[in-house]
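Analysis of the macromolecular model
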Amino acid sequence: MSENLKRTFLDEVSSLKSLADAANLRVKYLGKKGIITAKIKSLSSLSPEERRVAGREINELKQFIEEECERKESLLKSAELKGRLLAEAIDITLPGKAVSFGHEHPLSRTLREVVDIFTRMGFDVQEGPEVELDCYNFEALNIPKDHPARDMQDTFYISEDIVLRTHTSPVQVRVMEKKKPPLRFIAPGKVYRCDADVTHSPMFHQVEGLMVDKDITFSHLKGVLIAFIHQMFGPDIPVRFRPSYFPFTEPSAEIDMGCILCKSAGCRVCKGTGWLEILGAGMVNPKVLENVGYDSEEYTGFAFGMGIERITLLKYSIDDIRLLFENDIRFLRQF
Ligand code: DAH
């Protein structure tokens, strides 16, 4: 009787395919309503003598079934693990997926370098609005309505007295209105002019600079700007100051540096002159100081303005300003 049972069990065990089936088989034999459990219960109806013999036999069978179940389960477990490892195998010899890093846009880099140089010289950084009142963009800077200097800057008008600022110079006025001297700051930002070709973009960036205090002279202007150019382009670059005209400075100057492309020998970029113009500057016109309520007898100052695109084009020998705004990744990767 128990030999038959044992054989049936062994048949069933050997045909098991999964751990789930093994669990079911365990329940079938050893569970609360299992075959072995029923047999143990039925022992109570036997005489003590019969019970002793049948009891031993059934216990041995129970132990055998338990051991077989365990053995089979551990076999199935390692088979399943093997299967999973095979299915989820990773080929560690395949090349990895490279993480691609981005980097600063060349314009952001130039701007950061300019800001770094001036903050090291004690200038702080100020900002002003891009949509600006005519009176800040022009009037307070000594550029009245009929002034020819307005034609130099093709203005985008929002209304009769609101413009997209054509330069960062209005930030001079806004800061001076709020603060008393001594002042020493730069003002980077976007400016707008109705102009577009290989060297002009309708939106571009300038950095304005202003220093106002007692006894500020043209020597301070020269010292600061030469130090800037030498840090930005190299300590051996020649620099020259040329007389010029801006309504908001008097005297005014344009500052050239030796052409970095041909080492001042003369080339297409410097138009054969050996010089590149990179800055406008001057002593703040007393009228501008008076416009913001400063006493121009007591205070003097210098101002300057430069184009970030121009500096970037020169520094990296880029010949078309539009490349800076198209954001073609093949172009940007080169920097
Ligand atoms: N605002 C001038 C421009 O956009 C640049 C400039 C020239 C700024 C001389 C200055 C300056 O502060 O002193 O053309």
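Only a predicted model underlies this, so the values are computations on that prediction, with no experimental measurement involved.

1. With respect to the overall build of the chain
Helices and strands together make up the secondary structure of the chain, namely 13 helices and ten strands. In terms of overall size, the chain is more extended than a compact globule, its C-alpha atoms giving a radius of gyration of 43 Å where 335 residues would be expected to give roughly 20 Å. Principal-axis analysis of the C-alpha atoms gives the chain an extent of 130 × 45 × 40 Å. In the chain, which comprises 335 residues, the proportion classed as buried is 41%. Within the chain, counting contacts between residues at least 6 apart in sequence, those at least 24 apart form 65% of the total. Carbon and sulfur atoms make up 55% of the accessible area of the chain, which totals about 19200 Å². Within the chain, the 50 negative side-chain charges are centred at a point lying 11 Å from the centre of the 45 positive side-chain charges.

2. Thoughts on the layout of surface pockets
Roughly 1500 Å³ of volume is contained in the largest pocket. Around the largest pocket, the lining comprises 49 residues; the ones closest to its centre are Thr199, His200, Glu277, Gly307 and Arg310. Looking at the lining of the largest pocket, the elements that each hand over two or more residues are strand 6 (203–213), strand 7 (239–246), strand 8 (249–258), strand 9 (275–284), strand 10 (300–307) and helix 11 (308–315). Ranked by residue count, the leading element in the lining of the largest pocket is strand 9, at eight residues. Among the residues making up the lining of the largest pocket, the classes are represented as 21 nonpolar, 14 polar and 14 charged. Here the second largest pocket is characterised by a volume of approximately 200 Å³.

3. Side note on the packing of aromatic side chains
Taken as a whole and assessed by the stated rule, the structure comprises twelve aromatic pairs. On the numbers, 5.0 Å between centres and 25 degrees between planes, the contact of Phe118 with Phe304 is stacked. With a gap of 186 residues between them, Phe118 in helix 5 (residues 106–120) and Phe304 in strand 10 connect regions that are remote in the sequence. A ring pair is formed by Phe246 and Phe248, whose centres lie 5.8 Å apart and whose planes are at 25 degrees; its orientation type is stacked. Overall, Phe248 belongs to the buried group, its relative accessible area being 10%. Through pairs of rings, three or more aromatic residues link up here, namely Phe118, Phe123, Phe228, Phe302 and Phe304.

4. Here's the deal with the site of the ligand
Around the ligand, a shell composed of 16 residues is seen, among which His167, Ser169, Arg193, Gln206 and Glu208 lie nearest. One nitrogen or oxygen atom from the main chain of Ala303 is found 3.2 Å from an oxygen atom belonging to the ligand. Alone, the ligand offers 350 Å² of accessible surface; in the complex the protein occludes 92% of this. For the ligand, the cavity whose grid points lie within 2 Å of the majority of its atoms is the largest pocket. Sorting the residues of the shell around the ligand by element identifies strand 6, strand 9 and strand 10 as the ones contributing at least two each. When the residues that make up the shell around the ligand are grouped by side-chain class, the tally is five nonpolar, nine polar and two charged.

5. As for the domain arrangement of the chain
In many analyses, interface size is given as the accessible surface area lost on bringing the parts together. Along its sequence, the chain is carved into domain 1 (2–87) and domain 2 (106–332). Distance from the C-alpha centre of domain 1 to the C-alpha centre of domain 2: 92 Å.

6. Examining the pairing of strand 8
Burial of strand 8 is extensive: eight of the ten residues sit out of reach of the surface. By the bridge criterion, seven bridges tie strand 7 to strand 8 in an arrangement that is antiparallel. Looking at strand 8, one finds that Val239 is bridged to Met257. Pairing geometry for strand 8 and strand 9, over eight bridges, is antiparallel. Residue pairing in the sheet places Glu254 in a bridge with Gly280 of strand 9.

7. A look at helix 5
Between its terminal C-alpha atoms helix 5 stretches 21 Å, which fits the 21 Å expected from 15 residues at 1.5 Å a residue. A positive phi of about 90 degrees marks Gly122, the residue just after helix 5.

8. Observations concerning the pattern of salt bridges
The full count for this structure, using the stated rule, is 19 salt bridges. The shortest N-O distance in the salt bridge between Arg26 and Glu73 comes to 2.9 Å. One end of the pair, Arg26, is in helix 2 (residues 19–30); the other, Glu73, is in helix 4 (residues 48–87), and 47 residues separate them in sequence. Its relative accessible area of 25% is what places Arg26 among the partly exposed residues. A salt bridge links Glu113 to Lys315, with the shortest nitrogen-to-oxygen separation between them at 2.9 Å.

Basis of the calculations
- Residues numbered from 1 in each chain as written.
- Predicted model: local features only at pLDDT ≥ 70, side-chain atom pairs only at ≥ 80, totals over all residues.
- Heavy atoms only, no water.
- Helix = DSSP H or I, 4+ residues; strand = E, 2+ residues; numbered from the N terminus.
- Rg over C-alpha atoms; globule rule 2.2 N^0.38 Å.
- Buried < 20%, exposed > 50% of the residue type's maximum accessible area, 1.4 Å probe, protein only.
- Contact = heavy atoms within 4.5 Å.
- Areas by Shrake-Rupley, 256 points an atom, 1.4 Å probe, with all protein chains shown as cover.
- Lys, Arg positive; Asp, Glu negative; His and termini not counted.
- Charge placed at Lys NZ, Arg CZ, Asp CG, Glu CD.
- 1 Å grid on protein atoms, 1.4 Å probe; cavity = no way out; pocket = protein on both sides within 12 Å on 5 of 7 lines; lining within 4 Å.
- Points joined across faces, edges and corners; volume = space filled by probe spheres on them.
- Nonpolar A, V, L, I, M, F, W, Y, C, P; charged D, E, K, R; others polar.
- Phe/Tyr/Trp six-rings, centres within 6.5 Å; stacked < 30°, edge-to-face > 60°.
- Near = heavy atom within 4 Å.
- Polar contact = N/O pair within 3.5 Å; in protein donor to acceptor, adjacent residues only side chain to side chain.
- Sits in = over half its atoms within 2 Å of the grid points.
- Domains from an automatic or database assignment.
- Pairing = 2+ DSSP bridges.
- Expected span 1.5 Å × (residues − 1).
- Salt bridge = Lys/Arg side-chain N within 4 Å of Asp/Glu carboxyl O.

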